[in-house]
Amino acid sequence: MNWKNTIDRYGSLSIAMHWLMLLLLVAVYVCINLREWFPRGSDLREGLKMWHFMLGLAVFVLVFLRMAIRWFGVSPRIQPEPVLWQKRLAGLMHLALYIFMVAMPLLGWLSLSAAGKPIPFFGLQLPALLGVDKTLADSLKEIHETIGTIGYYLIGMHAAAALFHHYVARDNTLLRMLPRRNRLA
Ligand code: HEM
Ligand code: HEM
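Below is a summary of the structure that appears in this document. (Residues numbered from 1 in each chain as written. Chains lettered and ligands numbered in written order. Predicted model: local features only at pLDDT ≥ 70, side-chain atom pairs only at ≥ 80, totals over all residues. Heavy atoms only, no water.)

**Considering the nonpolar core**
Link 1 in the chain: Residues Met21, Leu24, Val59, Val63, Phe100 and Met101 are the most contacted members of the largest nonpolar core, which totals 17 residues.
Link 2 in the chain: Of all the elements in the fold, those that place two or more residues in this core are helix 1 (12-34), helix 2 (43-72) and helix 3 (84-115).
Link 3 in the chain: Ranked by the residues each element gives to this core, the list is headed by helix 3, at 6 residues.
Link 4 in the chain: Apart from residues lying up to four places away in sequence, valine 63 is in contact with Met21, Tyr98, Met101 and Val102. (Core = buried A, V, L, I, M, F, W, Y, C linked by side-chain atoms within 4.5 Å. Buried < 20%, exposed > 50% of the residue type's maximum accessible area, 1.4 Å probe, protein only. Helix = DSSP H or I, 4+ residues; strand = E, 2+ residues; numbered from the N terminus. Contact = heavy atoms within 4.5 Å.)

Next comes the structure, spelled out in C-alpha cells:
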C-alpha cells in the first residue's frame, strides 16, 4: 500500500496516524477522568495526570505531521460524490478537529506554565511558555476543560457522520480510512 494519499484512497501514513491519534485521545481522556477515583496527592492520581500531559503533548507533536500531509498532499475523493453542503460541512469539521488537536495541548502546556508546575514529556522537562500567574493559570485551565468537553461532541459527531456515510449514504468515506484488508471484506 502506498504511504502517500492518492486521489482514490488515504495512504498508509494517514490511516496509521488517524487511528493512532484516536487511541492517544482516548487514553488522554481516560487518564484525566480516572484521576478522580484516587485521593489528591496520591501516586496514582499524579501518575495519571502525568500520562495525561505526556500523551496530550504527543498529540501536539503528531498533529503537525498530519496537517502537513493534509495541506501538502491530496485528499482522496468520496465515491459516489456527496452533495456540496456535506463536503463543506466535512471540511469545517476537519478544520475544527485540527484546531482542537493543536489548541488543547497548547492550552494545557500554557496552563501548567502559568501555574509554575513542571511539564513532563517522556523523561524530558519542557520549558515554561509563560511566567507564573495563578489567575491566568486558572482561566487557561477552565478554557482547556471547556474545550475538552466540547471535544466529546466534536469527536462524537465526526464518528457518527462516518457511520452515516457508511451505512446510510453507502459511499466509501469510511472504507477509504480503513487498512486495505478491511476495505475488501
Ligand atoms: C488533546 C489533548 C488534551 C485533551 C483532549 C485534554 C482534555 C482534558 C480534559 C477533558 C480535562 C478536564 C477533566 C475534568 O474536567 O475533570 C483536562 C484537564 C487538564 N489538562 Fe488536559 N487535555 C489535553 C492535553 C493536555 C496537555 C498536553 C496538558 C499539559 C501539558 C494538559 C493539562 C491539563 C491540566 C493541568 C488539567 C487539569 C487537571 C487537574 O486540575 O486535575 N492537558 N484535560
Ligand atoms: C470512532 C472514531 C472515528 C471514526 C469512525 C473516524 C472516521 C473518519 C473517517 C471515515 C474519515 C475520512 C473522512 C473524509 O475523508 O471525509 C476521517 C477523517 C478525519 N478524522 Fe476521523 N474518525 C474517528 C475519530 C477521530 C478523532 C478522535 C479525530 C481527532 C480528534 C479525528 C480526526 C479526523 C480528521 C482531522 C480527519 C480528516 C483527515 C484529513 O485530513 O484528510 N477522527 N475520520
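**Overview of the packing of helix 1 against helix 4 (residues 134-169)**
Link 1 in the chain: Viewed as axis vectors pointing N to C, helix 1 and helix 4 meet at an angle of 145°, and their least axial separation amounts to 13 Å. Helix 4 is crossed by helix 1, and the crossing has left-handed handedness. Only Gly148, Gly151, Tyr152, Ile155 and His158 of helix 4 make contact with helix 1, whose side of the interface consists of His18, Tyr29 and Asn33.
Link 2 in the chain: For the contact of helix 1 with helix 4, a count of residues per class yields 3 nonpolar, 5 polar and no charged. (Axes fitted to C-alpha atoms, helices over the stretch in contact; angles between N-to-C directions. Left-handed = near helix turned anticlockwise from the far one by under 90°. Nonpolar A, V, L, I, M, F, W, Y, C, P; charged D, E, K, R; others polar.)

**What to know about the coordination of the iron atom of ligand 2**
Link 1 in the chain: Distances from the iron atom of ligand 2 to its protein donors, namely His18 (NE2) and His158 (NE2), fall within the range 2.0 Å.
Link 2 in the chain: Classification of histidine 18 as buried rests on a relative accessible area of 14%. (Donors = N, O, S within 2.8 Å, 3.2 Å for Na, K, Ca; no water.)

**Focus on the coordination of the iron atom of ligand 1**
Link 1 in the chain: With distances of 1.9 to 2.0 Å, the protein atoms coordinating the iron atom of ligand 1 are His52 (NE2) and His144 (NE2).
Link 2 in the chain: Around the iron atom of ligand 1, the 6 donor atoms are arranged such that angles at the metal cover 88 to 179°; this shape is classified as octahedral. Placement of histidine 52 in helix 2 and of histidine 144 in helix 4 is noted, with a sequence separation of 92 residues between them. Note on accessibility: histidine 52 and histidine 144 belong to one class, buried. (Tetrahedral: all angles 85-135°; square planar, octahedral: opposite > 155°, others 65-115°.)

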